[in-house]
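What follows is the residue order along each chain.
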Amino acid sequence: MRHFHYRAGRLWADEVPLDQIAARFGTPAYVYSEMAIHERYTAFSHALGPETLLCYAVKANSNLHVLASLARWGAGFDIVSGGELARVLRAGGDPQRTVFSGVGKSREEIRAALDAGIFCLNVESEAELEQVDAIASGLGCRAPVALRVNPDVDPGTHSYIATGLRESKFGIPLVHAERLYLEAARWPAVDFRGIACHIGSQLTDLAPIAEAARKVRGLYERLAGAGVPLSHLDLGGGVGIRYHEEQAPTPAAYAAVLHDALAGLPVRPVVELGRSVVGNAGVLLTRVEYLKDNDGKKFCIVDAAMNDLLRPSLYGAWHDILPVQEESPAETGTLDVVGPICESGDFFARNRPLAVRAGDLLAILSTGAYGFAMASQYNSRPRPPEILVRGSEARLVRRRENLADLLTAEENPD
Ligand code: LLP
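Note that this is a predicted model, so its numbers are computed, not measured.

Caption draft 1: Layout of a negative patch on the surface. Residues Asp152, Asp154, Glu167 and Glu211 make up a contiguous surface patch of negative charge. One can find Glu167 in the loop between β9 (143-150) and β10 (172-173).

The following block contains the structure:
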């Protein structure tokens, strides 16, 4: 997180003090460092090499300016909905460098992806493959397809974000996939291009990715032997970042695992990285509203809430929290940092040592991925703005929602 650093007692995002951003745009607010995103994107793309198609997983942070920057730097995209496709196209992303994942693509989404000329549809069931075949036939084209396989590998991560185990809803078991490749290679509108797999998110150990890659390689070799030639292998995303005390894999270590697993194969590697590109490039800026002591249990009530950042509530996730003014005259206490929402699950930290007073600004770190992207209007709270820092310039890239935004899609009850 060196793009968020103290200088002369204040926390800065690159060349902009965060208190200045709070004064200009209010709180709560998401602040991203474009330099931090660029640094991570280029570190991964250099380590992986030009032959690898690096698709940024849009779901991690789908702000148009973030996508546009990544598109400019040459990224491809991994999308999971028609909405994400629309965002990629609006941001100037290249559909020919875009893969479409997800277990439940609708007819409209499949059609839109084929119309846009997408690089590959990652298909997750036989039923979906039949649907794709029918739609592509209707459009008079052949659909570029990879089957997403489920390699039955334990990624060793939170169960809600583990996707490569047999009991998860994702992918097709390897043996079924093999049979389906052989059968459907003859279908008129299915053009098999590759194999896809994604075993989970926030992986701090690369061994499960290596194991999954070996299984995908095995399938590729069996299919090649059976006369189904494929040109790319998509190994998904999932590289973890440091939130607290984790050791996050380096881009070089990740690239080495991939290169090892695919060594000697005449295929193009594809990856779908989200969190590892943007996760540590963002903070959620929030202001302390009140301090409260319930018989010795202390709470720090801030103006952000679980609707703005869901990760602690949903996964029990840890996020570091830093005061924007480094030194506080307040005494350090052990506090729960909580939001104003009417649920006890609305918290950002529990029993955290912090020195704060009402009115202080706090930065909740590592919120560039799955932060704003998972925000909602729960409790009828307008969603916060997003600010992109580019060097010494702070630019509002999504304005704060207002009360009119909350009501805009609803019919007036007269
Ligand atoms: N590809 C597919 C098919 C995925 O499902 C995902 C994430 C990715 C790529 C990107 O994974 P990443 O590189 O970001 O780990 N909301 C959760 C994370 C959900 C991840 C869902 N799939 C969180 O806040 O931890």
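Still more to cover.
Caption draft 2: Layout of the domain arrangement of the protein. Examined at the domain level, the protein breaks down into domain 1 (4-32 + 280-407) and domain 2 (94-273). Averaged C-alpha coordinates put domain 1 and domain 2 at centres separated by 36 Å. Contacts between domain 1 and domain 2 engage 9 residues on the former and 8 residues on the latter. When domain 1 packs against domain 2, close to 810 Å² is buried across both sides, 55% of that on carbon and sulfur atoms. Taken as a group, Asn280, Tyr315 and Trp318 account for 54% of the area that domain 1 buries against domain 2, more than any other trio of residues on that side. One can count 0 salt bridges joining domain 1 with domain 2.

Caption draft 3: Fine view of the environment of Leu206. Residue placement: Leu206 occurs in the loop between β11 (190-196) and α8 (207-225). Given a relative accessible area of 11%, Leu206 falls into the buried group. Those residues in contact with Leu206, other than ones at most four positions away along the chain, are Pro249, Ala253, Tyr254 and Val257.

Caption draft 4: Region of the structure containing the packing of helix α5 (residues 107-116) against helix α6 (residues 126-139). Direction vectors running N to C along α5 and α6 enclose 50 degrees, while the axes themselves pass 10 Å from each other. One finds that α5 runs oblique with respect to α6. Crossing hand, α5 versus α6: right-handed. Touching Arg107, Ile110, Arg111, Leu114 and Asp115 of α5 are Gln131, Val132, Ile135, Ala136 and Leu139, all from α6.

Calculation notes
- Residues numbered from 1 in each chain as written.
- Predicted model: local features only at pLDDT ≥ 70, side-chain atom pairs only at ≥ 80, totals over all residues.
- Heavy atoms only, no water.
- Patch = residues over 30% accessible without salt bridge, like charges linked within 9 Å, V, L, I, M, F, W, Y side chains within 5 Å.
- Areas by Shrake-Rupley, 256 points an atom, 1.4 Å probe, with all protein chains shown as cover.
- Salt bridge = Lys/Arg side-chain N within 4 Å of Asp/Glu carboxyl O.
- Lys, Arg positive; Asp, Glu negative; His and termini not counted.
- Charge placed at Lys NZ, Arg CZ, Asp CG, Glu CD.
- Helix = DSSP H or I, 4+ residues; strand = E, 2+ residues; numbered from the N terminus.
- Domains from an automatic or database assignment.
- Contact = heavy atoms within 4.5 Å.
- Buried area = accessible area lost by both parts, 1.4 Å probe.
- Buried < 20%, exposed > 50% of the residue type's maximum accessible area, 1.4 Å probe, protein only.
- Axes fitted to C-alpha atoms, helices over the stretch in contact; angles between N-to-C directions.
- Parallel < 35°, antiparallel > 145°, perpendicular 65-115°, else oblique.
- Left-handed = near helix turned anticlockwise from the far one by under 90°.

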